[in-house]
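Structural characterization, general
Listed here are the chains, written in short residue letters.
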Amino acid sequence: MIRRRLRGSAVAAAFALVLSAGSATACERLQDWAGARKIAGKTWTVWWLSEPAAIPVGAHFSVRFRLCGPPARQVRLGGWMPDHRHGMNYRPGVALAGRRGVAEGLLFHMPGRWQLILEIAGAAGREKLTAEAVLE
Amino acid sequence: MIRIVRFFQIAFCMQFILTALPVSAVDFTAAEKRKILRHGPWPLPATPDPSNRVSGNPAAVAFGRVLFFDTRLSTSGSVSCATCHRPDAGWTDGRARSRGQRAVDRNALSLFNLRFNRWFGWDGAQDSLWAQNLRPLLDRREMGIGAAGAARLVRADRSLSCHYRLVFGTAPGADDDRVFVDLGKALAAFLETLVTGRTPFDDFRDALAGNDAAGRARYPAAAKRGLRLFVGRGNCAFCHFGPAFTNGEFADAGVPHFAGPGRADPGRFGGIRKLRKSPYTLLGRFNDDPTRSTAVKTRHVRLAHSNFGEFRVPGLRNAALTGPYMHAGSLKTLADTIRHYSTLDEERLHAGGERILRRLDLSGREQADLVAFLDTLTEAESGPKVEVKSEDLFCR
Ligand SMILES: [Cu+2]
């Protein structure tokens, strides 16, 4: 569903990209993305939002994100519980259209400290960004 | 002399009070309290299963109940679902490994609270309750009648085809697989009604939430100590999480998984592979929900080597009624399961890398406390006796 909708808007997004000369202004505007959280890396900065807003324990959720920085070819999402040394039992599907994306099919199956991991790859290189979430 | 005795008496009393203190006062910390509250409220709200168009339909419940007790659904004519899932035995058969027409490798799961499951079977090879219900009908060791045999029976039998018509609005058609899956859906409608009732734990949990001191005091001290271990040092609540006491996922709890001499039960690893080969999943043509809203799990489930030897985390409500325990019934009593966690072989367990379970080395009293706690997850009153109503036997 979402994948299809995104593919439809991919062309529009690509246009928007060309039009916005530098990404800096677009990135500043992201400050106003209500509820979104920021992870700043060397090459990319990501703003993300989970749906539902509070990540549930043991139920599927999705993540919307927007990238600041050079174009990305691929974004992958994952989860990791450092204290227990295990990840998720699901592989999320990521639909990327320009600098916007949606990941579906995430599930954090335990309470405790989780890392949400984004792996971004593009002509500018690869980067792994991590956000922390403590689930109760 | 008297003074010395008095001193010992006082010392003894002091010690008694000190050890008893964290218990009888049992003031759970704020963090403990938050963890405990996550195991309720109960019962959970129930919504119909969108993948099953007769979920919640009373006629389907009646039809499912009839099918559940019908031995004609086995090739030998002597085995019904109730052979291995006895209503008077916590919906299990009391055996370590179950036996239908022949013996199977696994312990019969009980049938409580199924409507809240994400996956079905010890290995989660099924992604819906209706698909799970088809499995024994396909397995020759259990009932083995198969899709064609089951469809033929329903078409030929006047009462069964009458039920079918009442539920699905048409006579059973020529597509064997459709009729077969519909039987699974009627069975699911019936099994969805088996939800466990309120327990002493639920009363305590709600008293904790509502700051009701009298209600809190009614819960036995041993159960409180066991509960503290359960959400604390025992790490139990990482897996046995939430109102149903399961996170619905899979883990290696350190239980040996030999299915027989030289044969291992692959557990979740085999379950995901079976799921991917099955025509009866939420991604297939039998899902009644055009939006496939519940198929996210099936689309995204990941097969990993670490799934080998993992089994579904069982819910613990009414666990006291459903022994023997674990996927092959290797442990007889709840006390045995606690002893298992207390004396785990960490070397073997951590080979896969996951670190949650550890050898707990619990004292005798701590073990008894955990059992006392698990006992309070048993419903106070069992629901009305489940049996086929005579008018349902002769649908015309
Ligand atoms: Cu964990």
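Throughout what follows, the structure given in this document is the object of discussion. The model shown is predicted, which means the values in this text are computed figures rather than measured ones. (Residues numbered from 1 in each chain as written. Chains lettered and ligands numbered in written order. Predicted model: local features only at pLDDT ≥ 70, side-chain atom pairs only at ≥ 80, totals over all residues. Heavy atoms only, no water.)

With that out of the way, let us pick up the overall build of chain B. The secondary structure content of chain B amounts to 17 helices and four strands. Against the compact-globule benchmark of 21 Å for 396 residues, chain B has a radius of gyration of 24 Å, which places it among compact chains. Each of the three principal axes of chain B carries a C-alpha extent, and together these read 95 × 45 × 40 Å. Buried positions account for 53% of the 396 residues belonging to chain B. Considering only residue pairs separated by 6 or more positions, chain B has 72% of its internal contacts joining residues 24 or more positions apart. For chain B, the accessible area works out to roughly 18,500 Å², and carbon and sulfur atoms hold 57% of it. On chain B, the mean spot of the 57 positive side-chain charges and the mean spot of the 41 negative ones are 1 Å from each other. (Helix = DSSP H or I, 4+ residues; strand = E, 2+ residues; numbered from the N terminus. Rg over C-alpha atoms; globule rule 2.2 N^0.38 Å. Buried < 20%, exposed > 50% of the residue type's maximum accessible area, 1.4 Å probe, protein only. Contact = heavy atoms within 4.5 Å. Areas by Shrake-Rupley, 256 points an atom, 1.4 Å probe, with all protein chains shown as cover. Lys, Arg positive; Asp, Glu negative; His and termini not counted. Charge placed at Lys NZ, Arg CZ, Asp CG, Glu CD.)

Residues and elements named next belong to chain B. Note on placement: V313 falls in the loop between β4 (311-312) and α14 (334-342). Along the backbone, V313 and E249 are 64 residues apart, and their C-alpha atoms lie at a distance of 6.0 Å. In this structure V313 touches C239, H240, T246, N247, E249, F250 and A251, once residues within four positions along its chain are discounted.

So, about the side chain of N133 of chain B. Here N133 of chain B is to be found in helix α5 (residues 129-138). When residues no more than four places from it in sequence are discounted, the contact partners of N133 of chain B are G184, L187, A188 and L191 of chain B.

This part covers the coordination of the copper ion. All names here are of chain A. Only M81 (SD), H84 (ND1), H86 (NE2) and M110 (SD) from the protein coordinate the copper ion, and they sit 2.0 to 2.4 Å from it. Motif for the copper ion, donor spacing along one chain: M-x2-H-x1-H-x23-M. Given a relative accessible area of 6%, H86 falls into the buried group. (Donors = N, O, S within 2.8 Å, 3.2 Å for Na, K, Ca; no water.)

This paragraph deals with the state of the cysteines. Residue and element names in this part refer to chain B. Summed over all chains, the structure comprises one disulfide over all chains. Covalent S-S linkage joins C162 and C395, the inter-sulfur distance amounting to 1.8 Å. Between C162 and C395 the sulfur-sulfur dihedral comes to about -60°; the bridge is accordingly left-handed. With a gap of 233 residues between them, C162 in helix α7 (residues 158-168) and C395 in the segment after α17 (390-393) connect regions that are remote in the sequence. Using a relative accessible area of 7% as the deciding quantity, one classes C395 as buried. For C81, which is in no disulfide, the shortest distance to another cysteine sulfur is to C84 and amounts to 8.8 Å. The class of C81 is buried, set by a relative accessible area of 12%. Not part of a disulfide, C236 finds its nearest cysteine sulfur in C239, a span of 8.9 Å. Look at C236 and you get buried, because its relative accessible area is 17%. (Disulfide = S-S within 2.5 Å.)

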